[in-house]
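These are the residues of each chain, in order.
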Amino acid sequence: LDETGVATSATVTWHADNDWVLPITDSPGNARMMHGSLDNSAANPATATVANLPASSSGYDIYVYTAGDNGSATRTATFQISGPGITTTSVSATDSAGTSFNGVFTQANNSPGNYVKFTIGASATSFTLTATPGTSTDPYKRAPINGMQIIPH
């Protein structure tokens, strides 16, 4: 759907080991988006492939929201965007110990945060996002995908 709720030609398919729910209150808006995630419970990369994006004269910004149920562990993950007409780009995010989504968004750019941002050019009408678990201070490596926003320039 676009920003007004109207259907578009865009489609999304995904693959993940599992899904998960964060220990935050489910309420309308941002908290609901961050409440659940695609999960890497077997430490495999998760993917989300978007196809059939409407043409954009100047490209898109892709926001990927990421917050896990990590308790006292600090975890890192790498998010990569690739596809036809896209320079493959990776950004890592650190989910710091003792944090849960509290309504504040912080961009991760190889740093702590709960979202990463990519920019793709006008010729791109599809892409694949790959979320790969990195390090963890406990045995459970994760790279959660809570949501994605695609904004035309």
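These lines cover the structure that appears in this document, whether it is placed above or below. Everything quoted here is computed from the prediction, not taken from an experiment. (Residues numbered from 1 in each chain as written. Predicted model: local features only at pLDDT ≥ 70, side-chain atom pairs only at ≥ 80, totals over all residues. Heavy atoms only, no water.)

## Quick word on the overall build of the protein
1) Next: Counting its regular elements, the protein contains one helix and 11 strands.
2) Next: Walking the protein from its N terminus toward its C terminus, one meets helices and strands in the order β-β-α-β-β-β-β-β-β-β-β-β.
3) Next: What you see for the protein is a C-alpha radius of gyration of 15 Å, in line with the 15 Å of a compact globule of 153 residues.
4) Next: Once the C-alpha set of the protein is aligned to its principal axes, its extents read approximately 45 × 30 × 25 Å.
5) Next: A burial count over the protein gives 39% of its 153 residues as buried. (Helix = DSSP H or I, 4+ residues; strand = E, 2+ residues; numbered from the N terminus. Rg over C-alpha atoms; globule rule 2.2 N^0.38 Å. Buried < 20%, exposed > 50% of the residue type's maximum accessible area, 1.4 Å probe, protein only.)

## Quick look at the sheet that holds strand β8 (residues 111–112)
1) Next: Taken together, six strands build an open sheet; the order of strands is β1-β4-β10-β6-β7-β8 and the sheet is mixed. Lying at the two open borders of the sheet, with one neighbouring strand each, are β1 (11–15) and β8.
2) Next: As judged from the seven bridges shared by strand β6 (residues 75–82) and strand β10 (residues 127–136), these two strands associate in the antiparallel manner. Looking at the pairing, Phe79 lines up with Ala131 of β10. (Pairing = 2+ DSSP bridges.)

## Details of the pattern of salt bridges
Pairing between side chains of opposite charge can happen when their charged atoms approach one another.
1) Next: Applying the stated rule across the entire model yields four salt bridges.
2) Next: Among the ionic pairs, Asp26 bridges to Arg32, the shortest N-O distance being 2.8 Å.
3) Next: Accessibility expressed as a relative area gives 40% for Asp26, which makes it partly exposed.
4) Next: The closest approach of N and O atoms between Asp61 and Lys117, which form a salt bridge, is 3.8 Å. (Salt bridge = Lys/Arg side-chain N within 4 Å of Asp/Glu carboxyl O.)

## A few points about the layout of surface pockets
1) Next: Volume-wise, the largest pocket comes out at about 590 Å³.
2) Next: Leu1, Asp2, Thr8, Ala10 and Ile150 are the residues nearest the centre of the largest pocket, which is lined by 16 residues in total.
3) Next: Within the residue set of the lining of the largest pocket, elements represented by two or more residues are β1 and β11 (147–152).
4) Next: Examining the composition of the lining of the largest pocket, we find that five residues originate from one element, β11, more than from any other.
5) Next: Roughly 240 Å³ of internal volume is contained in the second largest pocket.
6) Next: Classifying every residue of the lining of the second largest pocket gives four nonpolar, nine polar and one charged. (1 Å grid on protein atoms, 1.4 Å probe; cavity = no way out; pocket = protein on both sides within 12 Å on 5 of 7 lines; lining within 4 Å. Points joined across faces, edges and corners; volume = space filled by probe spheres on them. Nonpolar A, V, L, I, M, F, W, Y, C, P; charged D, E, K, R; others polar.)

## Considering the pairing of strand β7 (residues 89–95)
1) Next: Relative to β7, β6 runs antiparallel, the two sharing seven bridges. When the bridges of β7 are listed, Gln80 appears paired with Ser90.
2) Next: Here β6 folds back onto β7 in antiparallel fashion, the turn holding six residues, of which Gly83 has a positive phi close to 155 degrees.
3) Next: The sheet contact formed by β7 and β8 spans two bridges and is parallel. The residue of β8 that forms the bridge with Ala93 is Ser111.

## Remarks on the sheet that holds β11
1) Next: Taken in spatial order, the three strands of this open sheet run β9-β5-β11, and their pairing is antiparallel. Strand pairing shows two members of the sheet lacking a second neighbour, β9 (115–120) and β11, which therefore form its edges. Across this sheet, the average inter-strand angle for adjacent strands is 15 degrees, counted without regard to direction.
2) Next: Note that strand β5 (residues 60–65) and β11 share six bridges and pair antiparallel. The residue of β11 that forms the bridge with Tyr63 is Gln149. (Axes fitted to C-alpha atoms, helices over the stretch in contact; angles between N-to-C directions.)

## Concerning unusual backbone geometry
1) Next: For Asn52, which is not glycine, the phi dihedral falls at a positive 60 degrees.
2) Next: When you line up the elements, Asn52 lands in the loop between β4 (46–51) and β5.
3) Next: At Asn110, a residue that is not glycine, the phi angle is positive and equals roughly 60 degrees.
4) Next: Relative to the assigned elements, Asn110 resides in the loop between β7 and β8.

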